[in-house]
Amino acid sequence: MVLDPDTSAKIARYRPRQAPPAWAVVAPLVRSAVAATVTAVPYDVDRLLHAVAGLALWAEASGLPRDPDTWLRGEVIDAFVLSRAGILAPTSVQTYRTWLRRVRDALAWTDRGEPVPPKLHAPANPHTPYSGEELAGLRHWASHLRGQQRTDALALMGLGAGFGLMPREVAATRGLDLRRPGPGHPLIHAGIRRTPVAARTRWEEVLTELAESAGGRYLFRPRRTTAYAKNLIGSWSLLHQPSGGLLPLSVGRLRAGWIVELMCDRIDHDLIAKAAGLASAASLARYQHFVPPLDDTTAIRLLRGRPA
C-alpha cells in the first residue's frame with residue numbers, strides 16, 4: 001500500500017520517549033505493523049504507534065519471540081495491558097486492549113494467513129471492483145440459486161456491495177442489525193458503530209427480505225457454530241463457483257466497488273472513509289485510479305455549485 005506522505009513520515013520517524021536500547025531491534029517490526037494497519041482501523045497513526053511500540057517493548061523485555069504475530073495474540077495483549085493496570089487508568093487499559101485487538105484483526109498475515117506483512121512503501125494493490133456487467137451477472141446468478149445457497153450468495157453481495165462491509169462485519173451481521181427507523185426511511189446497519197451506514201438503494205429490497213427471514217440469526221451461513229474463521233467466506237466462494245464464466249464472489253471486490261461507486265457519486269471523502277471504517281480520507285487515494293475523470297459539463301456544474 002502507498003500511504004500519504006504525512007502518515008508515512010510519522011511512522012518512519014517515530015521513537016518512544018526515553019526509548020530503551022531494545023527499541024532499535026523492534027522498531028522496524030513496529031513500523032511495518034502500523035503501516036499495514038493504519039488504513040484499516042479507525043485510529044490515528046500516533047495512537048497506533050504508541051500502543052504497538054509499548055506492546056513490542058514489553059514483549060521484548062518478557063523474552064517473547066520477536067514477531068508481531070506473537071505479540072498480537074489475545075493472551076499476550078491481555079498480559080501486556082494487565083501489566084499496565086497500576087500505571088494507567090482502568091479506562092485507558094481497556095482502550096489499549098481495544099486498539100491492539102483491532103490491529104491484530106486488521107493484520108493481513110493474521111487474518112488471512114499471508115506470511116509476509118506489507119512493506120511501508122509497497123505498491124498500492126487494492127481489490128479490483130467488479131464491473132457493472134460482472135456485478136449484474138453475479139446478482140442474476142445468485143438470485144437463481146436455491147435455498148440456503150441463494151440466501152448466502154445474496155447476503156454476501158448485499159452486505160458487500162450494499163453496505164461496504166469488511167469480511168468480519170459480513171460474518172457478524174444478523175437480521176436484527178438491519179433496521180428502518182420508520183416507514184419510508186432508508187435501511188440502516190445498526191450493528192456498525194463507527195458512523196450511520198445506510199444501504200445503497202438498489203440493495204435495500206433484497207437486504208430487507210434477508211433480514212426479515214434471518215431475524216436474530218446470521219445473514220450469512222446462519223447454521224454455523226463459530227462466529228468467524230479466516231476461511232469462512234473464502235471456503236464458501238470456493239465451493240460455489242458461478243456459472244457462465246463469471247468471477248467468484250469476493251467480499252473484498254464487492255467492498256471496493258462500494259467505495260468506488262461512492263467516489264464516482266462525488267460523496268464527501270471524509271464521509272466515505274468514516275462509513276468504510278478507514279483511518280482517514282487519505283486512504284481513498286489507492287482507489288482513485290478506478291474513478292473515471294469528470295466530463296467537462298459535469299465538472300462545470302459541480303464547480304458552479306447550487307443556485308442561490
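So, how was this worked out
- Residue positions are counted from 1 within each chain, in the order its sequence is given.
- pLDDT decides what is reported in this predicted model: residues at 70 or higher carry local features, side-chain atom pairs at 80 or more are listed and counted, and totals for whole chains, interfaces and linings draw on all residues regardless.
- Calculation of side-chain values draws on the structure's entire complement of heavy atoms; hydrogens and water are dropped beforehand.
- The pocket and cavity definitions rest on a 1 Å grid over protein atoms only: a 1.4 Å probe that fits but cannot leave marks a cavity, an open set with protein on both sides within 12 Å along at least five of seven lines marks a pocket, and residues lining either have an atom within 4 Å of a point.
- Grid points are joined across faces, edges and corners, and a volume is the space filled by probe spheres set on the points.
- Here the term charged refers only to Asp, Glu, Lys and Arg, the term nonpolar to Ala, Val, Leu, Ile, Met, Phe, Trp, Tyr, Cys and Pro, and the term polar to all other amino acids, Gly among them.
- Aromatic pairs are defined between Phe, Tyr and Trp rings, using the six-membered ring for Trp, whenever the two ring centres lie within 6.5 Å; interplanar angles under 30 degrees are classed as stacked, those over 60 as edge-to-face, and all others as tilted.
- Three exposure classes are used, based on accessible area relative to the maximum for each residue type with a 1.4 Å probe and protein chains only: buried under 20%, partly exposed in between, and exposed over 50%.
- For a lysine, the NZ atom is tested; for an arginine, the CZ atom; a charge sits over a ring if that atom is within 6 Å of the ring centre and within 35 degrees of the ring normal.
- Think of a nonpolar core as a cluster: buried Ala, Val, Leu, Ile, Met, Phe, Trp, Tyr and Cys residues, connected wherever their side-chain atoms sit within 4.5 Å.
- In this text, helices come from DSSP runs of H or I with a minimum length of four residues, and strands from runs of E with a minimum of two, each type numbered from the N-terminal end.
- Definition used for salt bridges: Asp or Glu carboxyl oxygen within 4 Å of a side-chain nitrogen of Lys or Arg.
- The criterion used for residue contact is that any of the two residues' heavy atoms lie within 4.5 Å.

1. Considerations on the layout of surface pockets
Link 1 in the chain: Computed from the structure, the second largest pocket encloses a volume of approximately 280 Å³.
Link 2 in the chain: Around the second largest pocket, the lining comprises 14 residues; the ones closest to its centre are Pro 16, His 50, Ala 53, Gly 54 and Tyr 96.
Link 3 in the chain: Classifying every residue of the lining of the second largest pocket gives 9 nonpolar, 2 polar and 3 charged.

2. Observations concerning the packing of aromatic side chains
Link 1 in the chain: Within this structure, the stated rule accounts for 4 aromatic pairs.
Link 2 in the chain: On the numbers, 5.9 Å between centres and 80 degrees between planes, the contact of Tyr 14 with Trp 23 is edge-to-face.
Link 3 in the chain: Accessibility expressed as a relative area gives 16% for Tyr 14, which makes it buried.
Link 4 in the chain: Cation over ring: Arg 139 sits above Trp 203, and NZ or CZ is 4.0 Å from the ring centre.
Link 5 in the chain: Across the ring face of Tyr 218, the terminal group of Arg 174 is positioned such that the distance to the ring centre comes to 4.0 Å.

3. Concerning the nonpolar core
Link 1 in the chain: Counting 38 residues, the largest nonpolar core has Trp 23, Val 30, Val 34, Leu 55, Trp 71, Leu 72 and Leu 100 as its most contacted members.
Link 2 in the chain: Taken together, the elements giving at least two residues each to this core come down to helix H2 (23-37), helix H3 (45-61), helix H5 (74-83) and helix H6 (90-106).
Link 3 in the chain: In terms of residues, this core owes the most to one element, H3, which gives 11 residues.
Link 4 in the chain: By size, the runner-up hydrophobic cluster in this structure holds 35 residues, among which are Trp 141, Ala 214, Leu 219 and Leu 232.

4. A look at the pattern of salt bridges
Link 1 in the chain: Inspection of the entire model under this criterion finds 12 salt bridges.
Link 2 in the chain: Notably, a salt bridge pairs Asp 6 with Lys 10, separated by 3.7 Å at the nearest N-O pair. Here Lys 10 and Asp 6 lie together in helix H1 (residues 5-13), a separation of 4 residues that amounts to about one turn.
Link 3 in the chain: Here Lys 10 falls in the partly exposed class, since its relative accessible area comes to 25%.
Link 4 in the chain: Glu 60 is paired through a salt bridge with Arg 66; the nearest N and O atoms lie 2.6 Å apart.
Link 5 in the chain: One salt-bridge network, held together by shared partners, links Arg 200, Arg 202, Glu 261 and Asp 265.

5. So, the environment of Val 30
Link 1 in the chain: Position of Val 30 relative to the elements: it lies in helix H2.
Link 2 in the chain: Assessed through its relative accessible area of 0%, Val 30 is described here as buried.
Link 3 in the chain: Along the chain, Val 30 and Glu 204 lie 174 residues apart, while their C-alpha atoms are 42 Å from each other.
Link 4 in the chain: What Val 30 contacts, discounting residues up to four positions off in sequence, is Trp 23, Leu 49, Val 52, Ala 53, Ala 56 and Trp 71.

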